[in-house]
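Results of the structural survey
Single-letter residue listing:
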Amino acid sequence: MASAAQRRIKAISYAKYGYMFIAPFFLVYCFFQVWPLIYTFILSFKGNQAANADWVGFDNYSTILFGRGSAAGAAATHEEFARALGNTFILWFGNFIPQILLSLLLAVWFTDAKVKLPGKGFFKIVMYMPNIITAASVAALYVNLFGDSKYYFINATLMKLGMAEPIQFIADPTNAKIMVMFIQTWLWFGNTMIMLMSGIMGINPSLFEAADIDGANSGQQFFKITLPLLQPIMVYTLVTSMIGGLQMFDIPYLFHNGAQFSKHLETVAVYIYYNFNKGTVEQASYGYAGAASIIIFAITAVLGSITFYMNRDKDAIAKKKQRKKAEKQYKAKMKQGGLTL
Amino acid sequence: MSLKSDYGQPKDNYHAKIIAKSACIFAVCVILTLICLVPIYILIVNSTHDHMHLSANPSNFWFGSSLGNNFKTLMNNLPDDASKSLKRVATQYHNAFNVGQGYFNSLIIAGCTTLLTVFFSAMTAYGLTVYEFKLNSAAYTFIIAVMMIPVQVSSAGFVRFMYSLHLINNFIPLIVPAIAAPAVIFFMVSYMKSSFPLDIVEASRIDGCGEFRTFLTIAIPMMKPAIAVQAIFAFVANWNNYYTQNMILKNEKLATVPIMVSKVLAFDKNIDNGVNFLCVTLSILPIVIVYFILSKFIIAGVALGGVKE
């Protein structure tokens, strides 16, 4: 029995408190995120540098995508953007493949009940550590260790061991790309490993026991049980890593000699940043930066909806369907019952 | 085909195989651990050598004795009889990498953002789980949908907007947006759904407790585990955020640790390698120490983030 007070409370509508609790989030989000996004969209239709107030329509898009805009140097701008997009893809691919393979291998090893591994907790802590360090400092660390001349640690050590010429780790485009891939893998493999581990630990252990009894070796267990059941979390990792890859900024931007970032490491994020951050409003190219941002936004939206689709609660949807079906049946029955009565 | 050939000898070398496998895995793990730790060790070692020594012999594996001198150069605290070139180096480094100022600025930004993020995210999550209202599910769907939008996408408009509001060289555009953290809200909503009984809210209503007081005195203490995990991640993310800070903070006095590191990296003359290494060490050390103290929570938090998906 509900008391009088309980009944009275049930009668009060608390909806207004709900709005009050979520209001700060939406106000701040609209002011600092939604409006800047719309503003970026508007800027992508406006001119660059001194002409930043002029409306140019799709000129910026046709410049950076096809090099056919009316502005001077449209072809060069297109080339730069295309190179940035290519670099983003190469750098992402080159760090994702080794990262996912290494993380998967480690996650399987760490969750294997048969393997006796001392210091598992310590390994996990150390392998996650690079992820916590400031990316700017990581770039500085690697620049100071892998400098191009014989005055830097790695080259000096290699020459001590008998190498003749110092390796150009930073100035050479291919080496620099490999270095950035290595640093990105170094930063992220621990994080991916822990995510995959928690995914594997969510798999029912009796499946592995049954496979063991049936004589499946660890390779078979991995390909027939672990991998198929890990698919949702793998898709999630893939998509978040792709979106993260589109944002790759700190390491490619800071891994350079001297004062300017390396052109051969320029990613889309660096391209956007460089274009809107060139000094004052009259010197910056907000139009190109805006158009590139909107292109990235479109790519992200597609990738995001894939995860959203993959991760939706399949059980809940199935249950909903079942409930509706049951309701229908019940109603039909009632109708029949009504008729027979 | 006999059973025996199918399944092999019973228990043949089973133990030896397991031990061999474990040993191999252990070796790989040790190698990876070294790859993670050695760069940092070398960094710390090299920051204890002076420039003269490092130019003659850059590959050092053990500590030197010049840490104090490097530190004095960095703090621009040289003896009067120091050479002119060294004084030039010291001024350059001190202007770009003012350690105390950098730590202070980074602490202010990371501290304030962390407080705002966890408090307002808990509040939004509470509003979404406890109350039923028309736009509830629409609001939640919106939060999930915007969770993955990268910062880069709106940053051009953001900076232009901040220029027009005269908020460049101000901490406000770095701190206030922390109120809106969709990913943190998502985490907290799933935490509340699993471990926050709504009967408690009703009980406190019957006892005459106001809605905000219920949130502050009952909900927040019950959500402590989720808040702690998210606070650590928010702090680290904001301490490390180079992208946004670098586009808003142009004034040298407001520079944070990542900005200072990038400035040191951009020097092309008067470079002192020992001080260079010391700068990077000083930028890494606090976060690494905090990490090793809190590592258990952090690893558990990362794993939790994986499970929920």
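Cut-offs used in this document
- Residues numbered from 1 in each chain as written.
- Chains lettered and ligands numbered in written order.
- Predicted model: local features only at pLDDT ≥ 70, side-chain atom pairs only at ≥ 80, totals over all residues.
- Heavy atoms only, no water.
- Helix = DSSP H or I, 4+ residues; strand = E, 2+ residues; numbered from the N terminus.
- Rg over C-alpha atoms; globule rule 2.2 N^0.38 Å.
- Buried < 20%, exposed > 50% of the residue type's maximum accessible area, 1.4 Å probe, protein only.
- Contact = heavy atoms within 4.5 Å.
- Areas by Shrake-Rupley, 256 points an atom, 1.4 Å probe, with all protein chains shown as cover.
- Lys, Arg positive; Asp, Glu negative; His and termini not counted.
- Charge placed at Lys NZ, Arg CZ, Asp CG, Glu CD.
- Polar contact = N/O pair within 3.5 Å; in protein donor to acceptor, adjacent residues only side chain to side chain.
- Core = buried A, V, L, I, M, F, W, Y, C linked by side-chain atoms within 4.5 Å.
- Buried area = accessible area lost by both parts, 1.4 Å probe.
- Salt bridge = Lys/Arg side-chain N within 4 Å of Asp/Glu carboxyl O.
- Nonpolar A, V, L, I, M, F, W, Y, C, P; charged D, E, K, R; others polar.
- Phe/Tyr/Trp six-rings, centres within 6.5 Å; stacked < 30°, edge-to-face > 60°.
- Lys NZ or Arg CZ within 6 Å of the ring centre and 35° of its normal.
- Axes fitted to C-alpha atoms, helices over the stretch in contact; angles between N-to-C directions.
- Parallel < 35°, antiparallel > 145°, perpendicular 65-115°, else oblique.
- Left-handed = near helix turned anticlockwise from the far one by under 90°.
- Patch = residues over 30% accessible without salt bridge, like charges linked within 9 Å, V, L, I, M, F, W, Y side chains within 5 Å.

Summing up its helical and strand segments, chain B has 16 helices and 0 strands in all. Whereas a compact globule of 309 residues would reach a radius of gyration of roughly 19 Å, chain B reaches 27 Å, over 25% beyond that. Along the first, second and third principal axes, the C-alpha set of chain B runs to 80 × 75 × 35 Å. Within chain B, buried positions represent 51% of all 309 residues. Across chain B, the fraction of contacts at a sequence separation of at least 24, relative to all contacts at a separation of at least 6, is 72%. When the accessible surface of chain B is totalled, it reaches about 14,400 Å², and 66% of it is carbon and sulfur. Considering chain B, the positive charge centre built from 20 side chains and the negative charge centre built from 14 side chains are found 4 Å apart.

Moving on to the side chain of Asn238 of chain B. Residues and elements named next belong to chain B. Topologically, Asn238 is positioned in helix α13 (residues 224-240). With relative accessibility at 17%, the residue Asn238 sits in the buried group. A polar contact of 2.9 Å, which involves the side chain of Asn238, links it to the backbone oxygen of Ala234. Excluding residues within four positions of it along the chain, Asn238 makes contact with Ala110, Thr113 and Gln245.

Another point: the side chain of Asn240 of chain B. Mapped onto the fold, Asn240 of chain B is located in helix α13. Apart from residues no more than four positions distant in its own chain, Asn240 of chain B is found in contact with Ile132, Ile133, Thr134 and Asp250 of chain A together with Pro258 and Ile287 of chain B.

Turning to the nonpolar core, a few remarks are in order. Grouped together as the largest cluster of nonpolar side chains are 191 residues, with contacts concentrated most on Phe276 of chain A together with Tyr126 of chain B. When sequence neighbours within four positions are dropped, the list of residues in contact with Tyr126 of chain B reads Phe21 of chain A together with Tyr131, Met192, Phe196, Val201, Glu211, Thr214, Phe215 and Ala219 of chain B.

Moving on, we get to the interface of chain B and chain A. At the interface, 107 residues of chain B touch 102 residues of chain A. In this assembly, chain B packs against chain A so that about 9,400 Å² is buried in total across both faces, 77% of it on carbon and sulfur atoms. A per-residue breakdown of the area chain B buries against chain A is headed by Met148, Arg160 and Leu265 of chain B, which together make up 8% of the total. Put simply, Lys21 of chain B and Asp112 of chain A hold a salt bridge, and the shortest N to O gap is 3.3 Å. For the pair chain B and chain A, the number of links is 11 residue pairs in polar contact (both at pLDDT 80 or more). By residue number, the principal contributor to the side of chain B that touches chain A is helix α2 (residues 14-46) of chain B, which donates 19 residues. Partitioning the side of chain B that touches chain A into residue classes produces 76 nonpolar, 21 polar and 10 charged.

Moving on to the packing of aromatic side chains. Scanning all chains against the criterion turns up 58 aromatic pairs over all chains. Members of the aromatic cluster, connected to one another through ring pairs, are Tyr14, Tyr17 and Phe21 of chain A together with Phe119, Phe120, Tyr126, Tyr131, Phe196, Phe212 and Phe215 of chain B. Residue placement shows Arg160 of chain B over the ring face of Tyr286 of chain A; its charged tip is 4.7 Å from the ring centre. Between Arg205 of chain B and the ring centre of Tyr14 of chain A, over which it is positioned, the NZ or CZ distance is 3.5 Å.

So, on to the pattern of salt bridges. Evaluated as defined, the whole model comprises 4 salt bridges over all chains. Here Arg83 of chain A and Glu266 of chain A are joined by a salt bridge, their closest N and O atoms 3.6 Å apart. Of this pair, Arg83 of chain A sits in helix α4 (residues 74-111) while Glu266 of chain A sits in the loop between α12 (250-254) and α13 (268-276), and the two are 183 residues apart along the sequence. A salt bridge links Glu211 of chain B to Arg205 of chain B; its shortest N-O distance comes to 2.9 Å. A single burial state applies to Glu211 of chain B and to Arg205 of chain B, both of which are buried.

Next up on the list: the packing of helix α6 (residues 135-145) of chain A against helix α8 (residues 173-201) of chain A. A pair of packed helices is characterised by two quantities: the angle between their axes and the separation of those axes. Residues and elements named next belong to chain A. Where α6 contacts α8, the two axes come as close as 11 Å, and the packing angle between them is 130 degrees. Classified by the angle between their axes, α6 and α8 sit oblique to one another. You can see that α6 and α8 cross each other, and the crossing is right-handed. Contacts between α6 and α8 involve Val138, Leu141 and Tyr142 from the former and Met179, Phe182, Ile183, Trp186 and Leu187 from the latter. Its residues assigned to classes, the contact of α6 with α8 shows 8 nonpolar, no polar and no charged.

The next point concerns a positive patch on the surface. Together, Lys320, Arg323, Lys324 and Lys328 of chain A make up a region of like positive charge exposed at the surface. Its location among the elements puts Arg323 of chain A in helix α15 (residues 314-340).

Mapping Glu327 of chain A onto the fold places it in helix α15. Overall, Glu327 of chain A belongs to the partly exposed group, its relative accessible area being 46%.

Attention now moves to unusual backbone geometry. All names here are of chain B. Of note, the phi angle at His166 is positive, near 60 degrees, even though the residue is not glycine. The residue His166 is located in the loop between α8 (152-164) and α9 (172-175) in this model. A positive phi angle is found at Asn169, which is not glycine, with a value near 60 degrees. Residue placement: Asn169 occurs in the loop between α8 and α9.

Function-wise, these values are silent; they only describe arrangement.
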